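The lines below spell out each chain.
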Amino acid sequence: MRITELQAQPNSVLSIVAEDGRVGRFDVSPYLEYEAFQTLRDHNEFVKVVNGGYFVEWDCGADLSADTIEARWQVVGKATRQTTA
């Protein structure tokens, strides 16, 4: 999976759009117990997430692969693409 759009949401959730148009949510909260992710308990740090396409990462060094996200995310729909003539 390649991530084309990424947005941090409240409650440690990432809103994600995949290259194939699937739209979903990934709950990061189960990872916050691990040392590498503890800084992300602060929402101001959580929102600094960066989209690497095949991974997401934060300044604190925490990262998640797109494969991990795809294995555990909740797909909520399909993005609609608008074409302009």
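Structure shown above.
This one's a predicted model, so the numbers in the text were calculated from it and none came from an experiment.

A closer look at the sheet that holds strand E1 (residues 3–9)
Part 1 of the argument: Strand order across the open sheet formed by four strands is E1-E2-E3-E7, with antiparallel pairing between neighbours. What marks the edges here is a single partner per strand, and that holds for E1 and strand E7 (74–78). When the angles between neighbouring strand axes are averaged without regard to direction, this sheet yields 20°.
Part 2 of the argument: Of the pairings in the sheet, the one linking strand E3 (residues 22–27) to E7 comprises four bridges and is antiparallel in character. Paired with Gly24 across the strands is Val75, a residue of E7.

Topic: the sheet that holds strand E4 (residues 50–51)
Part 1 of the argument: The sheet built from three strands is open, its strands ordered E4-E5-E6 with antiparallel pairing. Only two strands of the sheet have a single neighbouring strand rather than two, namely E4 and strand E6 (63–65).

Things to note about the nonpolar core
As a rule of thumb, nonpolar side chains are buried together in soluble globular proteins.
Part 1 of the argument: Counting 21 residues, the largest nonpolar core has Leu14, Phe26, Val28, Phe37, Trp58, Leu64 and Ile69 as the members making the most contacts within it.
Part 2 of the argument: Elements with a contribution of two residues or more to this core: E1, strand E2 (13–18) and helix H2 (66–72).
Part 3 of the argument: If you tally residues by element for this core, the top one is E2, at three residues.
Part 4 of the argument: Apart from the residues within four sequence positions on either side, Phe37 is in contact with Val28, Tyr31, Leu32, Trp58, Ala62, Asp63 and Leu64.

Remarks on the side chain of Ser12
Part 1 of the argument: Here Ser12 is to be found in the loop between E1 and E2.
Part 2 of the argument: Ser12 gets classed as buried once you look at its relative accessible area, which sits at 12%.
Part 3 of the argument: Setting aside chain neighbours within four positions, we find Ser12 in contact with Phe26, Asp27, Val28, Ser29, Leu32 and Phe46.

Regarding the environment of Gly61
Part 1 of the argument: By secondary structure assignment, the location of Gly61 is in the loop between strand E5 (55–57) and E6.
Part 2 of the argument: Residue class for Gly61 comes out exposed when judged on its relative accessible area of 55%.
Part 3 of the argument: Along the sequence, Gly61 and Ala18 sit 43 residues apart, while their C-alpha atoms lie 23 Å from each other.

Some thoughts on the pattern of salt bridges
Part 1 of the argument: In this structure the tally under the stated criterion is four salt bridges.
Part 2 of the argument: With a shortest N-O distance of 3.9 Å, Glu19 and Arg2 are connected by a salt bridge. Here the residue Glu19 occupies a position in the loop between E2 and E3, and Arg2 occupies one in the segment before E1, the gap between them amounting to 17 residues.
Part 3 of the argument: Among the residues examined, Arg2 registers a relative accessible area of 33% and is labelled partly exposed.
Part 4 of the argument: Put simply, Arg22 and Asp20 hold a salt bridge, and the shortest N to O gap is 2.8 Å.
Part 5 of the argument: One network of salt bridges, in which partners are shared, links Asp20, Arg22 and Glu70.

About the criteria used
- Residues numbered from 1 in each chain as written.
- Predicted model: local features only at pLDDT ≥ 70, side-chain atom pairs only at ≥ 80, totals over all residues.
- Heavy atoms only, no water.
- Pairing = 2+ DSSP bridges.
- Helix = DSSP H or I, 4+ residues; strand = E, 2+ residues; numbered from the N terminus.
- Axes fitted to C-alpha atoms, helices over the stretch in contact; angles between N-to-C directions.
- Core = buried A, V, L, I, M, F, W, Y, C linked by side-chain atoms within 4.5 Å.
- Buried < 20%, exposed > 50% of the residue type's maximum accessible area, 1.4 Å probe, protein only.
- Contact = heavy atoms within 4.5 Å.
- Salt bridge = Lys/Arg side-chain N within 4 Å of Asp/Glu carboxyl O.

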